[in-house]
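# Structural overview for review
Below, each chain spelled out in residue letters.
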Amino acid sequence: MRRRLAAGNWKMNGSRAALAEIAALAEAFPAPASEIVLCPPATLLAPAAARAEGTALRLGGQDCHAEPRGAHTGDIAAPMLAEAGAAYVILGHSERRADHGETSAQVRAKAAAAQAAGLTAIVCVGESLAERDAGETLSIVGAQMAESIPEDATAEALVLAYEPVWAIGTGRTASSAQIAEVHDFMRAELTRRFGAGTGDGVRLLYGGSVKGANAAEIFATSNVDGALVGGASLTAADFGPIVAALEAAEA
Ligand code: 13P
């Protein structure tokens, strides 16, 4: 049984005032059946961890370096995230692939570093609109998976997020049929590469304009184990209904 997961990606948003949202969310879901994770900017990780202490809420980073330490100005190592209170780290988000030219090979090295530091990597994959229109969705996702996932990945250390680039921040959500096609493909690919145990165990999240209004339909879709949520994770008022939909899906 895969434990469902609702992860919020705050991206480059939030200040100390937003820590109140963490307390409100934790209070709304004191003992959730699903896992709830928030990934604030790195500067808020330690105070967020202090707020979340003693609650069911878990925290994550939004990126890490592939090396555990060294001369890499401005970067953050996976063990540093763990020390600051993170249990997860988002890796290979399309915004990092676009803004920083991150390659799948780099994502794979980062995922290995995250695993070594005891973090669970949420590795993101997804096609652009041009790639979808060209009928390349599954080949793009398959190549990103092949190149971004480390050889020794485990169901504990890896979560995969399918985030079609054209659905991120656009209000345009992939249809259930589109999500099911990709998620079924990802499950088959994982099982082919890693065998039934790990292949069945890795959780698959959908991301891209997930809101309270569309969450239940998305969570009822084949091989969807939860969501990676951007804009609608910034407040407890918006994220709460998404978590509630996930809790209802679990029951
Ligand atoms: P939105 O939910 O704002 O579309 O962002 C999705 C995303 O990129 C999460 O990582």
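Whatever comes next refers back to the structure up there.
So, a few notes on the structure that sits alongside this text.

Rules used in this analysis
- Residues numbered from 1 in each chain as written.
- Predicted model: local features only at pLDDT ≥ 70, side-chain atom pairs only at ≥ 80, totals over all residues.
- Heavy atoms only, no water.
- Helix = DSSP H or I, 4+ residues; strand = E, 2+ residues; numbered from the N terminus.
- Rg over C-alpha atoms; globule rule 2.2 N^0.38 Å.
- Buried < 20%, exposed > 50% of the residue type's maximum accessible area, 1.4 Å probe, protein only.
- Contact = heavy atoms within 4.5 Å.
- Areas by Shrake-Rupley, 256 points an atom, 1.4 Å probe, with all protein chains shown as cover.
- Lys, Arg positive; Asp, Glu negative; His and termini not counted.
- Charge placed at Lys NZ, Arg CZ, Asp CG, Glu CD.
- Near = heavy atom within 4 Å.
- Polar contact = N/O pair within 3.5 Å; in protein donor to acceptor, adjacent residues only side chain to side chain.
- Nonpolar A, V, L, I, M, F, W, Y, C, P; charged D, E, K, R; others polar.
- Core = buried A, V, L, I, M, F, W, Y, C linked by side-chain atoms within 4.5 Å.
- Salt bridge = Lys/Arg side-chain N within 4 Å of Asp/Glu carboxyl O.
- Pairing = 2+ DSSP bridges.
- Right-handed = clockwise from strand over helix to strand, strands pointing away.

## Topic: the overall build of the protein chain
Helix and strand counts for the protein chain stand at 10 helices and eight strands. The C-alpha radius of gyration of the protein chain comes to 17 Å, within 12% of the 18 Å expected for a compact globule of 251 residues. A burial count over the protein chain gives 52% of its 251 residues as buried. For the protein chain, the share of sequence-separated contacts (at least 6 apart) that also reach a separation of at least 24 residues comes to 72%. Only carbon and sulfur atoms are counted for the fraction: they give 53% of the accessible area of the protein chain, which is about 10400 Å². Placing the 19 positive and 29 negative side-chain charges of the protein chain at their respective mean positions leaves the two points 2 Å apart.

## Topic: unusual backbone geometry
Backbone geometry at S209 places phi at a positive 60 degrees, although glycine is not the residue there. The residue S209 is located in the loop between β7 (203-207) and α9 (212-219) in this model. One non-glycine residue, N223, lies in positive phi territory at about 60 degrees. Relative to the helices and strands, N223 is located in the loop between α9 and β8 (226-229).

## Thoughts on the site of the ligand
Not every one of the 13 residues close to the ligand is listed here, only the nearest: K11, H93, G169, S209 and G231. Between the ligand and S209 there is a distance of 2.8 Å, counted from an oxygen atom to a backbone nitrogen or oxygen. In isolation the ligand exposes 310 Å². Once the protein is present, 96% of that is buried. The class makeup of the residues in the shell around the ligand is four nonpolar, seven polar and two charged.

## What to know about the nonpolar core
In this structure, L160, M186, F219 and F239 are the most contacted members of the largest nonpolar core, which totals 64 residues. In contact with F219, not counting residues within four places along its chain, are R4, V224, G226, A227, I242, A245, L246 and A249. The next biggest cluster of nonpolar side chains, apart from the first, holds 13 residues, and it includes A7, V37, A161 and L205.

## Section: the pattern of salt bridges
Throughout the structure, instances matching the rule amount to 13 salt bridges. For D225, the salt bridge identified is with R2, shortest N-O distance 2.9 Å. On the criterion of sequence distance, the pair formed by D225 in the loop between α9 and β8 and R2 in the segment before β1 (5-9) is long-range, its members being 223 residues apart. R2 sits in the partly exposed class, given a relative accessible area of 24%. Between E127 and R132 there is a salt bridge, and its shortest N-O distance comes to 2.8 Å. What makes E127 buried here is its relative accessible area of 0%. In this structure R132 comes out as buried when scored by relative accessible area, which is 17%. A single network of salt bridges, built from pairs that share partners, joins D63, R96, E102 and K110.

## Looking at the pairing of strand β6 (residues 158-162)
In terms of residue burial, β6 counts as a mostly covered element, since five of its five residues are buried. Burial of β6 is two-sided: the residues L158, L160 and Y162 facing one way and the residues V159 and A161 facing the other way are all buried. Note: strand β5 (residues 120-125) against β6, five bridges, orientation parallel. Each residue of the ladder has a partner; that of V125, found in β6, is Y162. Across four bridges, β6 lies against β7 in parallel orientation. The residue of β7 that forms the bridge with Y162 is Y206. Since β6 and β7 lie parallel, the crossover through helix α8 (residues 176-201) that links them has a hand, and here it is right-handed.

## Let's talk about the environment of A78
The residue A78 is located in helix α3 (residues 78-84) in this model. What makes A78 buried here is its relative accessible area of 0%. The spacing of A78 and A113 is 35 residues in sequence and 6.4 Å in space, taken between C-alpha atoms. Apart from residues no more than four positions distant in its own chain, A78 is found in contact with C64, H65, A113, A114, A117 and L119.

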